[in-house]
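Next come the chains, spelled out residue by residue.
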Amino acid sequence: MTLPVTAALAAAMAALLLLLAIDTVRNRFRTQQAFGIGDDEKLTRASRAHGNLAEHAPIVIILVALLEMSRANHMGLMVVAGVFIVARVLHALGLYMDPPAKGGPPWPRAIGVILTWLVIVALGAWTALMLLANLGS
């Protein structure tokens, strides 16, 4: 059984995770900060962009895989996975941006967070509905 949507999503997240990890390490070398983040803002941003992706991507990849193995709508899964990829790129970009003068997060970060949470809610609900539908059969 192949899982092309899951594979594409996992590959995209692996590439983004690697880019963010490399930038975090680059900032660690720059600051000579082997552990933690100290008080360097660039290292903090790089570390959080990397860590936040590592925190959110696994559950989304797992839910997409479970749905794909359950023969969920292929096009729907592709759309949701695509939205997640866009969300995580926006979030990472937003973490590297300076906050607006009026306060609050930069708009890419805010949109990235909202889209990420919507994807998790949608996938969780979709998985639960498919599970309930299969219990009856």
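Rules used throughout
- Residues numbered from 1 in each chain as written.
- Predicted model: local features only at pLDDT ≥ 70, side-chain atom pairs only at ≥ 80, totals over all residues.
- Heavy atoms only, no water.
- Helix = DSSP H or I, 4+ residues; strand = E, 2+ residues; numbered from the N terminus.
- Buried < 20%, exposed > 50% of the residue type's maximum accessible area, 1.4 Å probe, protein only.
- Axes fitted to C-alpha atoms, helices over the stretch in contact; angles between N-to-C directions.
- Parallel < 35°, antiparallel > 145°, perpendicular 65-115°, else oblique.
- Contact = heavy atoms within 4.5 Å.
- Nonpolar A, V, L, I, M, F, W, Y, C, P; charged D, E, K, R; others polar.
- Polar contact = N/O pair within 3.5 Å; in protein donor to acceptor, adjacent residues only side chain to side chain.

Colleague: Help me out: how do you make sense of unusual backbone geometry in this one?
Modeller: A negative phi angle is the norm for most residues apart from glycine, just as the trans form is the norm for most peptide bonds. You will see that Arg71, though not glycine, has its phi angle at about 65°, which is positive. Following the sequence through the fold, Arg71 ends up in the loop between helix H2 (41–69) and helix H3 (74–96). Judged by relative accessible area, Arg71 falls into the exposed class, the value being 72%.

Colleague: Help me out: how do you make sense of the packing of helix H1 (residues 4–31) against H3 in this one?
Modeller: Each pair of packed helices can be described by the angle between their axes along with the distance between the axes. Their axes nearest at 9 Å, the elements H1 and H3 cross at an angle of 10°. The orientation of H1 with respect to H3, classified from their angle, is roughly parallel. In this structure, H1 contributes Pro4, Val5, Leu9, Ala12, Met13, Leu16, Leu20 and Asp23 to the contact, and H3 contributes His74, Leu77, Met78, Ala81, Phe84, Ile85, Arg88, Val89, Ala92 and Tyr96. Among the residues forming the contact of H1 with H3, the class breakdown is 15 nonpolar, 1 polar and 2 charged.

Colleague: What is the right way to look at the environment of Thr127 in this model?
Modeller: Mapped onto the elements, Thr127 comes out in helix H4 (residues 107–135). Put simply, Thr127 and Trp107 are 20 residues apart on the chain and 30 Å apart in space, counted from C-alpha to C-alpha. Dropping the residues within four chain positions of it, Thr127 is found in contact with Leu63 and Leu67.

Colleague: For this particular structure, what's the right way to read the side chain of Thr6?
Modeller: Residue placement: Thr6 occurs in helix H1. A residue is classified by how much of its surface remains accessible, and Thr6, at 9% relative accessible area, is buried. Reaching out from Thr6, the side chain makes a polar contact with the side chain of Glu68 at a distance of 2.6 Å.

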